[in-house]
Every structure is written in C-alpha cells, then in structure tokens.
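Observations on the model geometry
Chain by chain, the residues run as shown.
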Amino acid sequence: MAVSRSRVSRRTFLGLSAAAAATAAFPASLKYADASPASGAILVEPPLLSSSGGALSVTLTAGFNDVVVAGATHRTTVYNKMFPAPTLSIAPGDRLAVDVVNNLHEMTNLHTHGLHVSGEGHADNIFVHIQPGNSFDYRYPVPDNHPFGLYWYHPHAHGTGSQQMFGGMAGALIVRGPNVSGLRERIMVLQTTEFDRRGRVVPFPTPTLATNLRLINGQANPTIDIIQGETQLWRFVNASINSVFELSLSGHKFVQVASDGNPYAGSVRRQTVFLTPGQRADLLVRAGAAGTYELKTLAFTSQGGLSTPEAVLATMHSAVGTPPPAPNITPLLEPFDDLRTSTVDRQRTLTFSTLGGFMIDGKTFDPDRVDQTIELGALEEWTIQNVSNVFHPFHIHINPFQVTHINGRPVDVPGYQDTVKVDPQGSVTFRTRFLDYPGRSVFHCHLIPHSDEGMMGVFEVLQANGAQTTRASLPAGVAYCALT
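Notes on the structure in this doc start here. (Residues numbered from 1 in each chain as written. Predicted model: local features only at pLDDT ≥ 70, side-chain atom pairs only at ≥ 80, totals over all residues. Heavy atoms only, no water.)

Before going further, it helps to examine the sheet that holds strand β10 (residues 149–154). Reading across from one edge, β2-β5-β11-β10-β7 is the order of the 5 strands in this open sheet, with mixed pairing throughout. Each of the sheet's edge strands pairs with one partner strand only, and the pair in question is β2 (48–50) and β7 (111–113). Sheet twist, expressed as the mean angle between neighbouring strand axes with direction ignored, is 25 degrees. The sheet contact formed by strand β5 (residues 87–90) and strand β11 (residues 171–175) spans 3 bridges and is parallel. From the neighbouring strand, Leu88 faces β11, where its bridge partner is Leu173. (Pairing = 2+ DSSP bridges. Helix = DSSP H or I, 4+ residues; strand = E, 2+ residues; numbered from the N terminus. Axes fitted to C-alpha atoms, helices over the stretch in contact; angles between N-to-C directions.)

This is the structure in structure tokens:
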C-alpha cells in the first residue's frame, strides 16, 4: 500500500524553521495574538468515558467537522466532533475496545501513547492503516499490574499524522489509581493549531509557531477555579505536534508526582515544568491567598527556528473559602525498579541527524526493515545521540525507560518515562526492560513533522526461541503500512 504523498516536504519544513520570525502568510482569523489576554470561561474538561465491569468500549469517528475552539466555531480534523477528544478512563486489568471509523479523505490509525500493551494484531499496532470510508476494531487487554497514570491517544499513520494532530485529533487516557480524599483532579490537554478567515484549520506547516493558538482543552486562557489553601492535581499532556510548553504558575511552585503516566517514588518540587510534544506531568498545586494567578508557558528558543514567545495559558482564580483537609499524597507515589544497579544485557547507540533528511543512523523510516532486534525480557541501555542543530523528543512504544544520563552527565530521576528531550548536539542514555510483548513496534522523534519525514525506526522483540511474531490478517479497507 502506498503512503500518501501529502506529507510535509523536507525543504518545506526546513523553510519553516528558517522563517520562525517571518510574517504570517496566511490571512488567519484566529491566531494566538487574537486571543484575549483576559481570563475567560471556566476551564471545561473533556467528556469522561469510564470503564465498567472491567471493560470500556468506545467508537472514535475521525472526520473534518465543525467544532468550538477558543470560543468560536471552526472546521477541523477531530474525533467525535470534539476538540480535544473524550478522555478514556480504565483500570488495570480492564479490556479496552476502540472502534475507529475513518470519515477523512486520507488514511489514519490510532496509537495509545505510553500504554504497556501489545504492538501487534488489533492492539497498539501503528503499522495498520485505515483507508477512507473504512473502520478498524482495536482491542487492548490491559495488564493487571499496569502503572496508573496519564496516557493519551492520537493518530500515527505514517505521513499524515502532522495535519491530523494539528487539527485536533488527540485525547487523554487515564489508567485509574487509588482515590485520594479531598484531591480534585483536572485533565489539561495542551494543543496548538491555527485557523484561516473561513474558520478552517490552516495547512501545516504554518510560517511560524508564534502564530499558533496555544490551548488548554480547546480553550484560550480559561479560568481555573480553586479555593485558597486547596490542593489540586493538574494532569497535563502536551498533545501538540511540535511546540514545547514550559509551565509556570505565578506565585506558586509545582509538586510533581508522575511523569509520562509513571508514578514517582518521591515527590519533586519544581519552579517550572518543561514538556516536549508527547510528554505528560502530574502536578500538585496548592492555592495561595485569594486572588488571580497566571499559568504561563515561558518563552522558548531553540536552534533550528523552533521558537515560541511567552504566553498566558490560563488564569487560576483562588477564592475565599474553607479548603478541604490537606490530602495524603502517598497513594500517588510508588517505588520503582531502579535499573541503574542492574546488569545490562546489551548496549546500543542510535544517532539522530538532519543532514540529507530526517534520519536515524543515516536511514529514513522503512516499515519493512527491522532496525533493532531485541530479546524478550532483556535489559538494555540505549544512548540517543543528536548530531543535528534542533532538539528531538525521543519516544519508544510499549516499554517505558529510566533516564540515567543527559549529555553524558548522570541524573537521578525518581521514575520512568516514555519521551525525553535530546538537546541539539547532545545525548540521552536510558535503560529499559523489554517485557511481556514480542513483536514489532517503533521508536521515533515526537516532533511529528520529523517522524512523518522519516525520523523513525522499527524494533522487533523476539521470543526466547527466536521466533518472530506472525502478522494478523486484516479486514477489507485496512492494510499494513508500506512505502512501495
């Protein structure tokens, strides 16, 4: 099956990077500069669809629809006519069933980002491509011991992900953990997009990231209500395709208790929290005195032109009142297997580069080529080298990892993650166990335009006897990804 050629060309994308400060060419009716800096409506969280009796079955219909974004009606690519999509809530041991209906004019599929589930068959199989007018039934048996936390879902069809996600196709996915009395949880899906004068999503790439709307749950600068002295759990996911969010709350510090869906062994106080595309963070916020406080994303400048100005994302309104008793946060934390003291079965070094194309180890993505072969159950140490002049968020499917070194220096991270920023001309070293699931999946840069252009590789986990996993048969209208 041929991949759609409606991809961002390398020349176009590099032109975007070089023109980061250029004047917008699109006559956009809704850009960030047009969003009122004053706080607006109360923050609205996406609809919550929760499992019952050990199962959750949902249908996600991908289409080009009218939706309300930043307080006005626009036409864009979404699931179920919502921006963002519904939040799916499951428990460890549940069976998640998602039927994806493709009403777009191009192929699509679904990736459950961060879930520790199979990457084969009808599970988290990103090699499946659903053609227009067709559907596919995804089925995810979730392990009984799955970590509780914040995950998310989005399309992952090679070559079409940038535009679909830029239009709004993304949603949060919660693996429920213990209830904490008196602790209110808030889901906050961070996205960027832009619309033209007709109210339609603009073709990606835009001339500069600075003109993109930066939204929380599809809202521009909503009001977050809280009582002075109250503690809330704010759960953020950066669901943008290529924008970073460095979160800062005036007059407050964050207490981080999880990263990328993985609980920390101990809480960490932070002045700011930096999220690359794909990353998540669970943050405790204890409201100060009555008043208003700005939740901002700080200015970010990177080599290669990926730069954004400071912006107000939301306004926290701390109201006079009697807060609930301080919550016991111990149930939010979990010890983890510190892999730094374990024996490594194999070491690997992968090199990300952009000279001549968006490549890993000098090669662009080929779904029919296995780039890394791994034994089931192995503990491996990977070093990701970035020899380019732009950062790359590294993401690997199915198995989270423990970062041990950044730019050659040891770090002490109190938990696992599945996405990590690799600095320009820098490196990241991590350790991970490839547990439970033989078969193929991918690792890639989570700047989606980069992976769409080929910065993605295939790994295959072999069973103890070296046997490969056989590809399952697929229904009509659905095919395995191929480039030729």
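Counting residues in each nonpolar core, the largest one holds 36 residues, and the members touching the most others are Val98, Leu110, Tyr138 and Leu173. With 4 residues, strand β3 (residues 55–69) is the single largest residue contributor to this core. Filtering out sequence-adjacent residues up to four positions away, Val98 remains in contact with Val58, Leu60, Leu88, Leu110, Phe136, Asp137, Tyr138, Arg139 and Tyr140. (Core = buried A, V, L, I, M, F, W, Y, C linked by side-chain atoms within 4.5 Å. Buried < 20%, exposed > 50% of the residue type's maximum accessible area, 1.4 Å probe, protein only. Contact = heavy atoms within 4.5 Å.)

Under the defined criterion, the tally for this structure stands at 18 aromatic pairs. Relative to Phe430, the ring of Trp382 has its centre 5.9 Å away and its plane inclined at 35 degrees; by these criteria the two rings are tilted. With Trp382 in strand β27 (residues 379–386) and Phe430 in strand β32 (residues 427–433), this pair connects stretches of sequence that are 48 residues apart. Arranged with centres 5.6 Å apart and planes meeting at 90 degrees, the rings of Trp382 and Phe443 form a pair that is edge-to-face. One end of the pair, Trp382, is in strand β27; the other, Phe443, is in strand β33 (residues 439–445), and 61 residues separate them in sequence. Across the pair, exposure class does not vary: Trp382 and Phe443 are buried alike. Residue placement shows Arg440 over the ring face of Phe127; its charged tip is 3.8 Å from the ring centre. (Phe/Tyr/Trp six-rings, centres within 6.5 Å; stacked < 30°, edge-to-face > 60°. Lys NZ or Arg CZ within 6 Å of the ring centre and 35° of its normal.)

Okay, the sheet that holds strand β26 (residues 372–375) next. What the 5 strands build is an open sheet, ordered β26-β34-β33-β28-β31; its pairing is mixed. With one partner strand each, in any of the chains shown, β26 and β31 (419–422) form the two edges of the open sheet. This sheet shows a mean twist of 25 degrees between the axes of neighbouring strands, independent of strand direction.

Following the criterion strictly, the structure yields 20 salt bridges and no others. As a salt-bridge pair, Asp418 and Arg280 come within 2.9 Å of each other at their nearest N and O atoms. In this pair, Asp418 sits in the loop between β30 (409–410) and β31 while Arg280 sits in strand β21 (residues 280–286), placing the two residues 138 residues apart along the sequence. When its relative accessible area of 2% is taken as the criterion, Asp418 is described as buried. Three or more residues are tied together by salt bridges with common partners; here these are Glu45, Arg184, Arg186 and Asp225. (Salt bridge = Lys/Arg side-chain N within 4 Å of Asp/Glu carboxyl O.)

Glancing now at empty space enclosed by the protein. Taken as a whole and assessed by the stated rule, the structure comprises 4 cavities of 30 Å³ or more. Estimated volume of the largest cavity: approximately 80 Å³. Contributing to the lining of the largest cavity are His154, Pro155, His156, Ala157, His158, Gly161, Met165, His444, Ile448, Ser451, Asp452 and Met456. Secondary structure elements with two or more residues in the lining of the largest cavity: α2 (161–167) and α3 (448–452). The biggest single contributor to the lining of the largest cavity is α3, with 3 residues. Here the residues of the lining of the largest cavity are counted per class, giving 5 nonpolar, 6 polar and 1 charged. (1 Å grid on protein atoms, 1.4 Å probe; cavity = no way out; pocket = protein on both sides within 12 Å on 5 of 7 lines; lining within 4 Å. Points joined across faces, edges and corners; volume = space filled by probe spheres on them. Nonpolar A, V, L, I, M, F, W, Y, C, P; charged D, E, K, R; others polar.)

Here strand β9 (residues 135–141) shows one buried face, formed by Phe136, Tyr138 and Tyr140, and one open face, formed by Ser135, Asp137, Arg139 and Pro141. In this sheet, β9 lies alongside strand β6 (residues 95–102) in antiparallel orientation, the contact comprising 7 bridges. Within β9, the residue paired with Asp99 across the bridge is Asp137.

Once that is clear, we can look at unusual backbone geometry. In this model, Phe83 is joined to Pro84 through a cis peptide bond whose omega is -5 degrees. For Pro84, the position within the fold is in the loop between β4 (72–79) and β5. Residue Pro205 is bonded to the preceding Phe204 through a cis peptide linkage, with omega at 5 degrees. With respect to the helices and strands, Pro205 occurs in the loop between β13 (195–196) and β14 (213–216).

The next point concerns the pairing of strand β17 (residues 245–249). The buried count for β17 comes to 5 of 5 residues, which makes it a mostly enclosed element. By the bridge criterion, 3 bridges tie β17 to strand β20 (residues 273–275) in an arrangement that is antiparallel. Following the sheet pairing, Glu246 is matched in β20 by Phe274. As paired strands, β17 and strand β22 (residues 291–297) are joined by 3 bridges and run antiparallel to one another.

On their own, these measurements won't tell you what the molecule is for.
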